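Descriptive analysis of the structure
One letter stands for each residue in the lines below.
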Amino acid sequence: MSGVSRANTERPYWVAWSQIPQVGPVRLQRLWQHFGNMATAWQADLSTLMAVEGIGLATAMEIDQGRSQIDVTSAYRDYAEANPQFWTPSDADYPRLLLEIPDPPPLLHYRGQVNSAENQAQALGVAIVGTRQPTEYGRRWTYRIAQALARAGVTVISGLADGI
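Calculation notes
Residues numbered from 1 in each chain as written. Predicted model: local features only at pLDDT ≥ 70, side-chain atom pairs only at ≥ 80, totals over all residues. Heavy atoms only, no water. Helix = DSSP H or I, 4+ residues; strand = E, 2+ residues; numbered from the N terminus. Expected span 1.5 Å × (residues − 1). Core = buried A, V, L, I, M, F, W, Y, C linked by side-chain atoms within 4.5 Å. Buried < 20%, exposed > 50% of the residue type's maximum accessible area, 1.4 Å probe, protein only. Contact = heavy atoms within 4.5 Å. Axes fitted to C-alpha atoms, helices over the stretch in contact; angles between N-to-C directions. Parallel < 35°, antiparallel > 145°, perpendicular 65-115°, else oblique. Nonpolar A, V, L, I, M, F, W, Y, C, P; charged D, E, K, R; others polar. Phe/Tyr/Trp six-rings, centres within 6.5 Å; stacked < 30°, edge-to-face > 60°. Lys NZ or Arg CZ within 6 Å of the ring centre and 35° of its normal.

1. Some thoughts on helix H8 (residues 136–151)
Look at H8: 23 Å from first C-alpha to last across 16 residues, which is about the 22 Å you get at 1.5 Å a residue. Once H8 ends, the next one or two residues include Gly-153, with phi positive near 90°.

Quick look at the structure:
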């Protein structure tokens, strides 16, 4: 895995697993818990995959087919090039509180400067939710509000859907 530091050898596998349609956040969490790391899960044979809660023979076969079509190294390189600011649950800076939910996002994108200590503590945060078809006025004010909150030390959270 060239371009991946020793501490982040799991990142390429999180990206690769995330590209398999049959594997969503819950199944990814189960794989991680069962195998202890995503690289080992990637190498698992069908019978070993079926030992994971919620994976039967048909799903294991679909997963195996999906894995066979992905080159982990190039998938990671392409993803990281297009999305340089992201964390996986195995990254030290991934927000610890998100790991407490049953389906933490496997690839969590962020923008701007992040204070790592805020991700490990119960920092003040606000989620911004809005319409998918905002007016220009709505976009402008949402941006201003989010910027002011961020400058005040509040973590601004967005689901990154289109719109606000």
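From this point on, the discussion continues.
2. Considerations on the nonpolar core
Side chains that are nonpolar tend, in soluble globular proteins, to be buried together. Counting 28 residues, the largest nonpolar core has Trp-17, Leu-31, Met-38, Trp-42 and Leu-49 as its most contacted members. When residues of this core are traced back to their parent elements, those giving at least two are helix H1 (11–18), helix H2 (25–35), helix H3 (38–43), helix H5 (57–68) and helix H6 (72–82). Filtering out sequence-adjacent residues up to four positions away, Leu-49 remains in contact with Trp-17, Leu-31, Phe-35, Ala-41, Ala-44, Ile-55, Ala-60, Ile-63 and Arg-67.

3. Topic: the environment of Leu-108
Along the polypeptide, Leu-108 turns up in strand E2 (residues 108–109). Among residues more than four places away in sequence, those in contact with Leu-108 are Gln-85, Phe-86, Trp-87, Tyr-94, Pro-95 and Leu-98.

4. Topic: the packing of H1 against H6
Where H1 contacts H6, the axes come no closer than 8 Å and their chain directions differ by 90°. Relative to H6, the element H1 is oriented roughly perpendicular. On H6, the residues that touch Arg-11, Pro-12, Tyr-13, Val-15 and Ala-16 of H1 are Val-72, Ala-75, Tyr-76 and Tyr-79. Of the residues in the contact of H1 with H6, the class split is eight nonpolar, no polar and one charged.

5. Focus on the packing of aromatic side chains
Given two aromatic rings, one states the distance between the centres and the angle between the planes to describe the pair. Inspection of the entire model under this criterion finds seven aromatic pairs. One aromatic cluster in this structure is built from Tyr-13, Trp-17 and Trp-42. Seen from the ring of Phe-86, Arg-11 lies directly overhead, with NZ or CZ sitting 4.2 Å from the centre. Between the NZ or CZ atom of Arg-144 and the centre of the ring of Trp-141, over which it lies, the distance is 4.9 Å.

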